[in-house]
Amino acid sequence: MTDPTTSRPARTTTRSADLFARASAVTPGGVNSPVRAFGAVGGTPRFITRGAGARITDVDGNEYVDLVGSWGPMLLGHAHPQVQEAVLAAVSRGTSYGTPTEPEVLLAEEIVSRTPVERVRFTSSGTEATMSAIRLARGFTGRDVVVKFAGCYHGHVDALLASAGSGLATFAIPGTPGVPESATDLTLVLPYNDRAAVEKVFAEHGDRIACLITEATPGNMGIVPPEPGFNAFLAETCRAHGALFVSDEVMTGFRATRLGGWGLDGAHEGWVPDLMTFGKVMGGGLPAAAFGGRADVMEHLAPSGPVYQAGTLAGNPVATTAGLTTLQLATDEVYAHVDRVATVIREGASAALTQAGVPHVAQSAGTMFSVFLLAGDAPVAPVRDFDGASRQHLPAYAAFFHAMLEAGVHLPPSAYEVWFCSAAHDDRAVQQVLDALPAAARAAAATY
Ligand SMILES: *Cc1c(COP(=O)(O)O)cnc(C)c1O
């Protein structure tokens, strides 16, 4: 079979299809995290068998330039030789003891040295990190109410699964069955970038609010940057009302900049979140996440204080070794490179879409960017909240996604996600992306 638009032989995906059928018989939807299922773009998810640098290879032998990067962690690219070597050495010594180990001290010191947090506690996933940060905020303040923004995702924590961005938006789920009202009753959801809404909710409920949690720069509804001064305003509003300001940097931490999302504003403006959460890059592709912050708040955690939180595999020596090695290798040059690559691809995508007449907005935050393919009646203007992010023409993204995939570029299978680049995206990989864009943009244009 030949693809008429490229005269390239169409990719065979029978092995992925076979595995997906088998997976679907034993796992709900065939996947272990919903957005992997290609539900929003159609077709069969590719089962990846190996990765090296900027590329991944599926079980049918098709190679792709990867712009998913495991949804963020792979800042250095796949199978980085030094990370692999460190992980293999750690594995050879044993994988888990349930005792303190040296790598967790080294990784905690690295995180404390690169961020404004004074103490850090490891977990196995970003979800656990935000869940624990909220419990700690409630335990520390003696208050119950949590404020979040529509379109921000903080993991699948019951209390935070209200208007929670990409995963739910991809499947048009506003909230989820299985979360009792009592779990979200204490969660107040506000439109992002809306100072008046924040002022109103603090004026009315200020003395009941334990914390406000926000993504440092939202990336789970596509990239929707905070307007200048917005995070500073949030930090100040929380302080004035005795609530904690929790900045979720699970996606942006060690990724948007060397200093994470905080590097884009707080580091210059001189404010510091009370608590922060980290994950993704800091695990170097293994399950590791963390929350941290002010020493006096963090010392409320057991065993120093009364707020209980624990984890059998938290601070696992293999995972913390992968994270530590990744952060040690994530130098200024790495961020400068990822930034350049992201700029070239974002500008290339925008140019191809303009050429094809597709209404779109490309937005970025440091090295992270995303592209909104807008609905025909949506204003072509910066997207500043979840309502704006929702005004996309989803069939356009599906067509765009599949054209790119067929040309050997694996984008995230959802219109609400960041396109993740890595230090391993070299000129050849970038050129392959650029070469694939015009036909994909035309495929998108054909859906309007
Ligand atoms: C991915 C993500 C989480 C959840 O992390 P998991 O490791 O998937 O549980 C939380 N917050 C943000 C901002 C994220 O991007």
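Treat the numbers as computed from the prediction; the structure is a model and nothing was measured.

Engineer: It is not clear to me how the site of the ligand should be interpreted in this structure. Could you clarify?
Structural biologist: The immediate surroundings of the ligand are formed by 14 residues, with Gly126, Thr127, Gly155, Val250 and Met251 found nearest. Looking at the shell around the ligand element by element, the count peaks at three residues for helix 4 (residues 126-141). Grouping the constituent residues of the shell around the ligand by class yields four nonpolar, eight polar and two charged.

Engineer: Is there a simple way to think about the nonpolar core in this case?
Structural biologist: Nonpolar side chains tend to gather and get buried jointly when the protein is soluble and globular. Of all hydrophobic cores here, the largest spans 134 residues; its most connected members are Cys211, Leu244 and Phe400. Residue-level mapping places this core at the junction of two domains, with at least three residues from each of domain 1 (14-66 + 331-445) and domain 2 (81-329). Sequence-distant contacts of Cys211, that is, excluding residues within four places in its chain, are made with Ile134, Ala137, Val146, Ala243, Leu244 and Val246.

Engineer: I would appreciate a short explanation of the domain arrangement of the protein chain in the present structure.
Structural biologist: Where the parts come together, the accessible area they lose is often given as the size of the interface. Considered domain by domain, the protein chain is made up of domain 1 (14-66 + 331-445) and domain 2 (81-329). If you average the C-alpha positions of domain 1 and of domain 2, the two centres end up 25 Å apart. Contact with domain 1, which involves 28 residues of that partner, is made by 30 residues of domain 2. Within the residue set of the side of domain 1 that touches domain 2, elements represented by two or more residues are helix 12 (332-356), strand 11 (360-365), strand 12 (368-373) and helix 13 (386-390).

Engineer: Looking at this structure, I do not really get the UniProt feature "modified residue: N6-(pyridoxal phosphate)lysine" (unreviewed entry) in the protein chain. What am I missing?
Structural biologist: According to UniProt, the "modified residue: N6-(pyridoxal phosphate)lysine" (unreviewed entry) feature falls on Lys280. By the element assignment, Lys280 lies in the loop between strand 9 (275-278) and strand 10 (289-293). The buried category is assigned to Lys280, around which 26 C-beta atoms lie within 10 Å. Contacts of Lys280, omitting those with residues within four sequence positions, involve Gly72, Pro73, Gly126, Val250, Met251 and Arg255.

Engineer: Is there a simple way to explain the sheet that holds strand 7 (residues 209-215) in this structure?
Structural biologist: Sheet strands pair by backbone hydrogen bonding; their relative direction is either parallel or antiparallel. The sheet built from seven strands is open, its strands ordered 4-10-9-8-7-5-6 with mixed pairing. Across the chains shown, the open sheet's two edge strands, defined by having one partner strand only, are strand 4 (119-123) and strand 6 (187-190). Direction aside, the axes of adjacent strands within the sheet are offset by 20° on average. Seen against the sheet, helix 3 (residues 102-114) touches strand 4, strand 9 and strand 10 and runs at an angle of roughly 130° to strand 4. Here helix 4 sits on the sheet in contact with strand 4, strand 5 (145-149), strand 7, strand 8 (244-249), strand 9 and strand 10, set at roughly 165° to strand 9.

What counts, and where the lines are drawn
- Residues numbered from 1 in each chain as written.
- Predicted model: local features only at pLDDT ≥ 70, side-chain atom pairs only at ≥ 80, totals over all residues.
- Near = placed C-beta within 6 Å.
- Helix = DSSP H or I, 4+ residues; strand = E, 2+ residues; numbered from the N terminus.
- Nonpolar A, V, L, I, M, F, W, Y, C, P; charged D, E, K, R; others polar.
- Core = buried A, V, L, I, M, F, W, Y, C linked by C-beta atoms within 7 Å.
- Buried ≥ 20, exposed ≤ 12 C-beta atoms within 10 Å, placed from the backbone.
- Domains from an automatic or database assignment.
- Contact = placed C-beta atoms within 7 Å.
- UniProt positions renumbered as here; feature names shortened; annotations may be inferred.
- Pairing = 2+ DSSP bridges.
- Axes fitted to C-alpha atoms, helices over the stretch in contact; angles between N-to-C directions.

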